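Survey of secondary and tertiary structure
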Amino acid sequence: MPPTLASLVHHSALKLTVRAGGERLDTPVRWVHASELTDPVPYMEGGELLLITALKLDAEDADAMRRYVKRLVGAGVAGLGFAVGVHYEETPKALVDAAEGEGLPLLEVPRRTPFLAISKAVSAAIAADQYRAVTAGFAAQRELTKQALSDGPEGLLTALASQVDGWAALYDASGAVVATAPEWAGRRAARITADVEKLRERAAPASSVVGGGSGDGEGGDGGDGSGEDRVELHSLGTGRRARAALAVGTASALGTAERYAVHSAIALLTLTTERSRSLYAAEQRIGAAVLRMLLAGQPDHARGVAGDLYGGLLDAPYRMILAEAASASAGRARARAGDAEDGGGATVSAEAAAALADAGGDLVAGLGEVVESAAARSGEAVLVVPDGERLVVLAADRGAVVAACAQYAEAVGGAQGGGEQAGDEDELVVGISAPAGPIAAGAAYKQAEQALSVARRRGRVLVEHEDLAAGSVVPLLADDAVRAFADGLLRPLYEHDATGRGDLVASLRAWLSRHGQWDAAAADLGVHRHTLRYRMRRVEEILGRSLDDPDVRMELWLALKTTASAE
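This one's a predicted model, so the numbers in the text were calculated from it and none came from an experiment. (Residues numbered from 1 in each chain as written. Predicted model: local features only at pLDDT ≥ 70, side-chain atom pairs only at ≥ 80, totals over all residues. Heavy atoms only, no water.)

Quick look at the overall build of the protein chain
What the protein chain contains, in helices and strands, is 20 helices and 15 strands. Within the span of the protein chain, comprising 567 residues, buried residues form 45% of the whole. Here the contacts in the protein chain between residues at least 6 apart in sequence split such that 64% fall between residues at least 24 apart. Counting only carbon and sulfur atoms, one obtains 51% of the accessible surface of the protein chain, whose full area is about 27700 Å². (Helix = DSSP H or I, 4+ residues; strand = E, 2+ residues; numbered from the N terminus. Buried < 20%, exposed > 50% of the residue type's maximum accessible area, 1.4 Å probe, protein only. Contact = heavy atoms within 4.5 Å. Areas by Shrake-Rupley, 256 points an atom, 1.4 Å probe, with all protein chains shown as cover.)

This is the structure in structure tokens:
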């Protein structure tokens, strides 16, 4: 710790005597300054021990001393040293009373103690303190490095929390808490996720100091604490955007040794969380090779190339996910087509919403970051391969990556539907295959492409292949070309009915819905079956098509369903 007035008083060679302010001798001394000016305040920074002989001061004038001492206290002077035996044989009572009144420590300096000796003592103590801090910092760095190598980020956080006598937390790129130390710090770390998100919006490297909020009444021996922490936030990563963040919570400001420890932790965590560009590119090349082998029907070769990096992913059912940007016109088609299968209401996670905000205009890249972040948190293997403007993802079935993809799509859908992305900006479409194994990679890719095509045609953000067979085929036909065909096919019947000469459209719909059963269809319409037969003959005459042809009946039924869904 830095030198204090008490340490100077106890210095055997200085022979200093306390004349006032003895209760404040624990005040740190930043430096020693000698000045005979009547007003040295403009030249002070605060924290100094001021040494005087009262060459230009009337030290026996009580009013003058009160004004002088008050100015020193206002400037943050740590203490006042008065040399006796130079101009005054003893410390004037006026000065002593003024110092006592303002609570300023007043030290009497004997004639045989030169001011230079006090300056040297303080300088030596400050240098020793800095040396101890540097030594402690190097020791902390060695310990942090050891823990990082043996136990990973969790071990590093534990060592860091011990070094700063507080707590530490690691956040991923989405702002979610990855790890904390000690364990009870999880709730404190969760309280400042909003501040972490603000930090991520700034260009890296970035840092800030925030408060952790009040505690919930539990003690610090395993509870959540009951005071407000001083929390430092630091971004981690070497790129423009932070890949992670570190939070360090302490009861007070960090000292020099603790600062060294934090900086060492930042460097080590950056190394462990920020993969080099070459390594990341190599992993992507391996992933692309594995994908090509799977699609070529060579699962054994793919597993051999994947090794430990992706091998575990190929030993269990997985999902193939395809994502790409849709044109703005496809986004506008959503409003026209509607969404007959929206069920409502999956809750969008804060991580997905934050990732969406962080993605800016590149929603496909944002999805890639979301799935990689989810894989890192859950420990799942995931294969992410950019393929031109398309992103291909291989993820474990029912895993965290697939769930994160759905959450992100939900967030994108909410933003696009709410008009948060307008103009000609690209939107996102995602197709997910049914669960598959290595030998069925080609089929899974085709399923994902089909789901992607349906998502684009429907104007939806995400479609799963399993959902296609569960619903109706009619929504798949909801585009302009199909509507134009339906309108053109049925227009003569609508024009006929508009003249009031019969209800041919309703009669055709009833007859087709009853599979050509005359009595049942006539009963639905409330007419005689001979009337219905006459109307169906008129339909054939007007359209120039035979209702005995099953293809004609199918086209008419789909046309009726398409026009009904558009009404």
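Concerning helix 9 (residues 299-310)
Its 12 residues place the ends of helix 9 only 12 Å apart at the C-alpha level, less than the 16 Å of an ideal helix rising 1.5 Å per residue. Regarding helix 9, the residues found buried are Pro 299, Ala 302, Ala 306 and Tyr 310. All buried residues of helix 9 project into a common sector of 55° when viewed along the axis, lining one side. Of the exposed residues in helix 9, the ones pointing more than 90 degrees away from its buried face are Asp 300, His 301, Gly 304 and Asp 308. (Expected span 1.5 Å × (residues − 1). Arc of directions from axis to C-beta.)

Here's the deal with the pairing of strand 13 (residues 390-396)
Extensive coverage of strand 13 is indicated by the burial of 6 of its 7 residues. Taken together, the 6 bridges between strand 12 (residues 382-387) and strand 13 define a ladder with antiparallel strand orientation. What sits directly across from Pro 386, in strand 13, is Leu 391. (Pairing = 2+ DSSP bridges.)

With respect to the environment of Asp 387
By the secondary structure assignment, Asp 387 is in strand 12. Assessed through its relative accessible area of 44%, Asp 387 is described here as partly exposed. Considered as a pair, Asp 387 and Ala 323 are 64 residues apart in the sequence and their alpha carbons are 9.9 Å apart. Asp 387 has contacts with Val 392 and Tyr 445, leaving out every residue within four places of it along the chain.

So, helix 2 (residues 62-74)
With 13 residues, helix 2 ought to run about 18 Å at 1.5 Å a step, and its terminal C-alpha atoms sit 18 Å apart, in line with that. Within the span of helix 2, buried status applies to Met 65, Tyr 68, Val 69 and Leu 72. Looking straight down helix 2, one finds that the buried residues subtend no more than 95° of arc, so they occupy a single side. Of the residues in helix 2, the exposed ones pointing more than 90 degrees away from the buried face are Arg 67, Lys 70 and Gly 74. Packed against the buried residues of helix 2 are strand 3 (48-52), strand 4 (79-83) and helix 3 (93-102). In this structure Asp 61 caps helix 2, since a side-chain oxygen of it lies 3.1 Å from the backbone nitrogen of Asp 63. Note on helix 2: the residue one or two positions beyond its end, Gly 76, has a positive phi of about 80°. (Polar contact = N/O pair within 3.5 Å; in protein donor to acceptor, adjacent residues only side chain to side chain.)

As for a nonpolar patch on the surface
A contiguous nonpolar surface patch, about 190 Å² in accessible area, is contributed by Ile 286, Val 305 and Leu 309. For Leu 309, the position within the fold is in helix 9. Take Leu 309: its relative accessible area is 34%, and that puts it in the partly exposed class. (Patch = residues over 30% accessible without salt bridge, like charges linked within 9 Å, V, L, I, M, F, W, Y side chains within 5 Å. Salt bridge = Lys/Arg side-chain N within 4 Å of Asp/Glu carboxyl O.)

A word on the packing of helix 17 (residues 504-513) against helix 19 (residues 529-543)
For the pair helix 17 and helix 19, interaxial distance at closest approach is 10 Å and the crossing angle is 105°. Taken together, the axes of helix 17 and helix 19 are roughly perpendicular relative to one another. In this structure, helix 17 contributes Leu 504, Ser 507, Leu 508 and Trp 511 to the contact, and helix 19 contributes Leu 532, Arg 535, Met 536, Arg 538, Val 539 and Ile 542. Along the lines of polarity and charge, the residues of the contact of helix 17 with helix 19 split into 7 nonpolar, 1 polar and 2 charged. (Axes fitted to C-alpha atoms, helices over the stretch in contact; angles between N-to-C directions. Parallel < 35°, antiparallel > 145°, perpendicular 65-115°, else oblique. Nonpolar A, V, L, I, M, F, W, Y, C, P; charged D, E, K, R; others polar.)

A look at the packing of helix 2 against helix 3
Running from N to C, helix 2 and helix 3 cross one another at 40°; their axes reach a closest spacing of 8 Å. Regarding the angle of helix 2 to helix 3, the classification is oblique. Note on packing geometry: the crossing formed by helix 2 with helix 3 is right-handed. Contact residues: helix 2 offers Ala 62, Met 65, Arg 66, Val 69, Lys 70 and Val 73, while helix 3 offers Ala 94, Leu 95, Ala 98, Ala 99 and Glu 102. Across the contact of helix 2 with helix 3, the residue classes tally to 8 nonpolar, no polar and 3 charged. (Left-handed = near helix turned anticlockwise from the far one by under 90°.)

Read these as layout, nothing more, since geometry by itself doesn't imply function.
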